[in-house]
Amino acid sequence: SQSFLSFFPILVMKDAMHLFFMEELTTVFKDGNVICTHRDPVEMVGSMASTFEPMLRLYYNNKNWDKRKEGLGRRCREWLRDGLNRFVEWRKKVKGKQEVERRLIDVEMRELVRNPVEVVKKVYEKFGYKGMEGLDEKIKEYMKENPKDKHGKHVYSLEEYGLDAEEIRKEFKEYSDMFIKKS
């Protein structure tokens, strides 16, 4: 039988939610390589709340929205905490298991934004992908044509969702210690 990946050799999943189900993903897609993207949880929680807000405003027809924003912030923080804790536990479980680790690479979003060419080269080298010729120029051209905030800046604050950066740092400390470089 042919695997799903024989038809779609590159499967890209960019949502933080995918980190929550890595055991299932790596079990089902045994021949798939996984780029685990990581972002500072303080940024992740606030961004998630802000992203969900317009959809929920529609659902609640804007009724009592100011009272609901703190609840949204709390639920996003709890959902991410539970999912990232699940991811951390899975990574501890697979540590040293070459059949899994050889298929994983961790990429910090901050580094990807700062040095996209270098990060992509690391991914290609790790997984033995071909076609690096001219890759630098293609990435630089893409970055030139698609600058950060091309479609507007995503503006939000933790406070508007009843969130506190220091509390988030404490709550997500284990994840951050494992995957977020101190800068």
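Above this text sits the structure in question.
The rules behind the values
- Residue numbering note: each chain is counted from 1, following its sequence as written.
- Thresholds applied to this predicted model are a pLDDT of at least 70 for local features of residues and 80 or more for the giving and counting of side-chain atom pairs; totals over whole chains, interfaces and linings are not thresholded and use all residues.
- Calculation of side-chain values draws on the structure's entire complement of heavy atoms; hydrogens and water are dropped beforehand.
- Distance thresholds for patches are 9 Å for like charges and 5 Å for nonpolar side chains (Val, Leu, Ile, Met, Phe, Trp, Tyr), applied to residues having over 30% relative accessible area and no salt bridge.
- Areas reported as accessible are Shrake-Rupley estimates using a 1.4 Å probe. Residue values count occlusion only from the protein chains shown.
- Here a salt bridge means any side-chain nitrogen of Lys or Arg lying within 4 Å of a carboxyl oxygen belonging to Asp or Glu.
- Under the scheme used here, helices are H or I runs from DSSP no shorter than 4 residues and strands are E runs no shorter than 2 residues, and both carry numbers assigned from the N terminus.
- Ring pairs shown here join Phe, Tyr and Trp side chains whose ring centres sit within 6.5 Å, with only the six-membered ring taken for Trp; geometry is labelled stacked below 30 degrees between planes, edge-to-face above 60, and tilted in between.
- Think of it in three bands: with a 1.4 Å probe and only protein chains considered, a residue is buried below 20% of the maximum accessible area for its type, exposed above 50%, and partly exposed in between.
- Throughout this description, a polar contact denotes any pair of N or O atoms lying within 3.5 Å of each other; where both atoms belong to protein, one of them has to be capable of donating a hydrogen while the other can accept it, and for residues adjacent in sequence the pair is counted only when both atoms sit in side chains.
- The criterion used for residue contact is that any of the two residues' heavy atoms lie within 4.5 Å.

Let's shift gears to a nonpolar patch on the surface. On the surface, a cluster of nonpolar side chains totalling about 250 Å² of accessible area is made up of Met17, Phe21 and Trp79. Residue position: methionine 17 is located in the loop between helix H1 (4–7) and helix H2 (22–28).

This paragraph deals with the packing of aromatic side chains. Under the definition given, this model contains seven aromatic pairs. Between phenylalanine 87 and tryptophan 90, the ring centres sit 6.2 Å apart and the planes meet at 35°, which makes this aromatic pair tilted. With phenylalanine 87 and tryptophan 90 both in helix H4 (residues 65–94), this residue pair falls three residues apart, about one helical turn. Across this residue pair, the class does not change: phenylalanine 87 and tryptophan 90 are buried.

Looking at where glutamate 108 falls in the secondary structure, it is placed in strand E2 (residues 104–108). Here the side chain of glutamate 108 touches lysine 181 through a polar contact of 3.0 Å, landing on its backbone nitrogen. Setting aside residues no more than four positions away along its own chain, glutamate 108 makes contact with His38, Phe179, Ile180 and Lys181.

Once that is clear, we can look at the environment of glutamate 159. You can see glutamate 159 is positioned in the loop between helix H8 (135–145) and helix H9 (165–171). Distance in space between the C-alpha atoms of glutamate 159 and aspartate 106 is 30 Å, their sequence separation being 53 residues.

Moving on to the pattern of salt bridges. Within this structure, the stated rule accounts for 19 salt bridges. Lysine 92 serves as the salt-bridge partner of glutamate 89, at 3.3 Å between the closest nitrogen and oxygen. Taken together, the residues glutamate 89 and lysine 92, both in helix H4 and three residues apart, mark about one turn of the helix. In this structure glutamate 89 comes out as partly exposed when scored by relative accessible area, which is 44%.

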